[in-house]
Amino acid sequence: MRVFVTGGTGFVGSAVVRELLAAGHEVLALARSEASAARLTAAGATPQAGSLEDLDAIRAGASDADAVIHAAFDNSSVASFLRNSKIERAALQAMGDALSGSRRPLVAAGGFAPVVATGPVLVETDEASAHTGPAGRNVERTIVDLADRGISASVVRMPAVHGAGYHFTMSRLIELARRQRVSGYAGQGANRLPAVYVADAARLFRLAVEHPAASLRYHAVGETGVEFRQIAQAIGRGLGVPAVGMSALRARWYFKAFAGYAMSDRPASSELTQQLLGWTPTGPGLLDDLAGPDYFSAR
């Protein structure tokens, strides 16, 4: 297939590009700079100039492809999250317009934040709230709207993604601990985060476009739930700082914008995803990955 990819030079997106090319697919990837275009060309992909704000480029890329994978989002600044969420929604709508009337699939990276749990562990049949929340991002609701229009759209819910290179969640936690010289966790740190190795997540995206409309929702979950205390301890060892349990009030101050994430207990299963797509995560676990010698020098 010819697959149009957004975010093809990002942490997850670059792994998706490598996975698609290794499987024999052709990749057309959005490039918002000459440097990004050069990286994509070196990887074996064809760059298409444009950004998520360039809806003409988005429509052109989606129209010229057999499938679309959306893995782009600018999360470099919490302050610009709302604006970037609006840009992303418009881009997804443009992709949907280009795919309308066909069975060409659109697979987008989403998250677990808006998901409303019906049991102790999040599963693929749990639906997302219609509310976007203060940050404004709810990829899943946009995907559901597109699916309601007859577009072959699906969302891959992403947990804490880890591996060599830039890793948003862990990098933020590491930088907090580095700045404050302590690796914190709330209370006993028994709250759990689901996690996945980046190459496993990339393989799931490939399988999702190769088996369109197998499901509306997939879980890229390699580990159902890693206790936050263990994560904090691994970060502390990596930085040579103590891991410390904190009161809820102090933990909110410590984590600031990431308090809701770092203090929540959101274990998730990928059992249905594995059954539907034949996907089996094989990469190292999060704690093993955090024990690697190069992890804390990555940016």
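The rules we used
- Residues numbered from 1 in each chain as written.
- Predicted model: local features only at pLDDT ≥ 70, side-chain atom pairs only at ≥ 80, totals over all residues.
- Heavy atoms only, no water.
- Helix = DSSP H or I, 4+ residues; strand = E, 2+ residues; numbered from the N terminus.
- Rg over C-alpha atoms; globule rule 2.2 N^0.38 Å.
- Buried < 20%, exposed > 50% of the residue type's maximum accessible area, 1.4 Å probe, protein only.
- Contact = heavy atoms within 4.5 Å.
- Areas by Shrake-Rupley, 256 points an atom, 1.4 Å probe, with all protein chains shown as cover.
- Lys, Arg positive; Asp, Glu negative; His and termini not counted.
- Charge placed at Lys NZ, Arg CZ, Asp CG, Glu CD.
- Phe/Tyr/Trp six-rings, centres within 6.5 Å; stacked < 30°, edge-to-face > 60°.
- Lys NZ or Arg CZ within 6 Å of the ring centre and 35° of its normal.
- Salt bridge = Lys/Arg side-chain N within 4 Å of Asp/Glu carboxyl O.
- Pairing = 2+ DSSP bridges.
- Axes fitted to C-alpha atoms, helices over the stretch in contact; angles between N-to-C directions.

### A short note on the overall build of the protein
Thought 1: Scanning the protein for helices and strands turns up 12 helices and 12 strands.
Thought 2: Against the globule reference of 19 Å for 299 residues, the protein gives a C-alpha radius of gyration of 19 Å, in line with a compact fold.
Thought 3: Its C-alpha atoms give the protein principal-axis dimensions of about 55 × 40 × 35 Å.
Thought 4: Split into buried and exposed, the 299 residues of the protein put 52% on the buried side.
Thought 5: The long-range share in the protein, meaning contacts at least 24 apart out of those at least 6 apart in sequence, stands at 78%.
Thought 6: Looking at the protein as shown, the accessible area adds up to about 12,700 Å², and 52% of this sits on carbon and sulfur atoms.
Thought 7: In the protein, the 29 positive side-chain charges and the 27 negative ones have mean positions that sit 8 Å from each other.

### A word on the packing of aromatic side chains
Thought 1: With the rule as written, the count across this model stands at two aromatic pairs.
Thought 2: Plain terms: the ring middles of Tyr254 and Phe255 are 4.8 Å apart, the flat faces sit at 90 degrees to each other, and that makes the pair edge-to-face.
Thought 3: A relative accessible area of 1% means that Phe255 is categorised as buried.
Thought 4: Each residue in the set Phe228, Tyr254 and Phe255 is aromatic and connected to the rest through ring pairs, giving one cluster.
Thought 5: We note Lys256 situated over the ring of Trp253; from NZ or CZ to the ring centre the distance is 4.2 Å.

### Examining the pattern of salt bridges
Thought 1: Under the counting rule described, the total for this entry stands at 13 salt bridges.
Thought 2: Between Glu140 and Arg157 there is a salt bridge, and its shortest N-O distance comes to 2.6 Å. Placement of Glu140 in helix α5 (residues 139-148) and of Arg157 in strand β6 (residues 153-158) is noted, with a sequence separation of 17 residues between them.
Thought 3: The class of Arg157 is buried, set by a relative accessible area of 0%.
Thought 4: Each of Arg2, Glu26 and Asp64 takes part in salt bridges that share partners, so that together they form one network.

### Quick word on the environment of Ala91
Thought 1: Tracing the backbone through its elements, the reader meets Ala91 in helix α4 (residues 81-99).
Thought 2: Ala91 gets classed as buried once you look at its relative accessible area, which sits at 0%.
Thought 3: Excluding residues that lie within four positions of it along the chain, Ala91 makes contacts with Leu52, Leu55 and Ile58.

### Examining unusual backbone geometry
Thought 1: One non-glycine residue with positive phi stands out, namely Arg181, at about 60 degrees.
Thought 2: Relative to the assigned elements, Arg181 resides in the loop between α6 (168-180) and β8 (183-186).
Thought 3: A positive phi angle is found at Lys256, which is not glycine, with a value near 50 degrees.
Thought 4: Structurally, Lys256 is set in the loop between α9 (248-255) and α10 (259-262).

### Concerning the sheet that holds strand β7 (residues 160-162)
Thought 1: Reading across from one edge, β7-β9-β11 is the order of the three strands in this open sheet, with mixed pairing throughout. Edge positions in the open sheet fall to β7 and β11 (223-227), since each of these has one partner strand only. Taking the axes of each pair of neighbouring strands and ignoring which way they run, one obtains an average angle of 45 degrees across the sheet.
Thought 2: Examined bridge by bridge, strand β9 (residues 192-197) and β11 share three bridges and lie antiparallel to one another. Along β11, the bridge assignment pairs Ala195 with Glu223.
Thought 3: Its contacts with the sheet put helix α7 (residues 198-210) on β7 and β9, and the angle it makes with β9 is roughly 75 degrees.

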